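Chain by chain, the residues:
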Amino acid sequence: MVNKKTTENQDAEALILQAAREVFVHKGYDGARMQEIADEAGINKALLHYHFRSKEKLFDKIFLEAFNNFWPSIQTELQQGNGSVKSLIKAAVNAYTDMLMQMPYLPAFVIGEINRSPDRIEELMLATGINPELIIKVIENGIESGEIIPIEPRSLVINIVGLSLFPFISRPLLSRMFFKSDEEFMTFLENRRINLYEFICRSVLTEYQA
């Protein structure tokens, strides 16, 4: 039998998190107020504090929730691809696309917080399980084995991240300039993952077949 109180708590928490996303995106961490989040959720402040005692805990919950499946999906792809750079590229492009299609607000939100508190964002990123040293090692191994051309590993990582994120960061402008509607633009972004994967592979792999 479903516990009614548990269900009510879960519903309230989901409502709070959705409201907090809206407020954080528009106001940033510093500008957001717990009262505003409560108002956005349509609840009183006491109930908000019952579920989340501080703005920091609420922010951490949203951030970690956003990146919850990010690193595990990359690890799975790396295992299936025997740790190749090609599998890393595919995993990263798909992980970013999947995450941002679900939460297109995320890049602007995170970039604002990176500028505000890079140490805190680094701490949260590492808490999701992301392993920068492993990523660099995969690329170094790819260079040594001849899988990819000689390239600064960090440059490849930054290229993958930048090419994946930029369309979402620039969504308001790009969707207006080149597409008839935001829906058409989002469909383009979903399909773009294949083109992006192939573009990066052709750029760095010594041999590439689609």
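The structure this text deals with has already been given above.
Residues numbered from 1 in each chain as written. Predicted model: local features only at pLDDT ≥ 70, side-chain atom pairs only at ≥ 80, totals over all residues. Heavy atoms only, no water.

1. Details of the pattern of salt bridges
Part 1: Following the criterion strictly, the structure yields eight salt bridges and no others.
Part 2: Where Arg-193 meets Asp-98, a salt bridge forms, and the shortest distance between an N and an O atom there is 2.8 Å. With a gap of 95 residues between them, Arg-193 in helix α12 (residues 182–204) and Asp-98 in helix α6 (residues 85–102) connect regions that are remote in the sequence.
Part 3: What makes Arg-193 buried here is its relative accessible area of 13%. (Salt bridge = Lys/Arg side-chain N within 4 Å of Asp/Glu carboxyl O. Helix = DSSP H or I, 4+ residues; strand = E, 2+ residues; numbered from the N terminus. Buried < 20%, exposed > 50% of the residue type's maximum accessible area, 1.4 Å probe, protein only.)

2. Re the packing of aromatic side chains
Part 1: Under the defined criterion, the tally for this structure stands at eight aromatic pairs.
Part 2: Measuring from ring centre to ring centre gives 5.8 Å for Phe-24 and Phe-59, while their planes differ by 85°; the resulting arrangement is edge-to-face. One end of the pair, Phe-24, is in helix α1 (residues 4–31); the other, Phe-59, is in helix α4 (residues 55–66), and 35 residues separate them in sequence. Residues Phe-24 and Phe-59 agree in their burial class; the two are buried.
Part 3: Taking the centre distance of 6.2 Å and the plane angle of 20° together, the rings of Phe-185 and Phe-188 count as stacked. Placement of the pair is Phe-185 and Phe-188 together in helix α12, with a separation of three residues, close to one helical turn.
Part 4: Judged by relative accessible area, Phe-185 falls into the buried class, the value being 1%.
Part 5: Exposure remark for Phe-188: the relative accessible area of 37% places this residue in the partly exposed category. (Phe/Tyr/Trp six-rings, centres within 6.5 Å; stacked < 30°, edge-to-face > 60°.)

3. Section: helix α2 (residues 34–41)
Part 1: Here α2 has its buried residues at Met-34, Ile-37, Ala-38 and Ala-41. Seen end-on, α2 carries its buried residues on one side only, within an arc spanning 100°.
Part 2: Looking one or two residues beyond α2, the residue adopting positive phi is Gly-42, at roughly 75°. (Arc of directions from axis to C-beta.)

4. A short note on the nonpolar core
Part 1: Judged by nonpolar contacts, the single largest core of 63 residues is most densely connected at Phe-24, Ile-37, Leu-58, Ile-89 and Leu-106.
Part 2: With 10 residues, α6 is the single largest residue contributor to this core. (Core = buried A, V, L, I, M, F, W, Y, C linked by side-chain atoms within 4.5 Å.)

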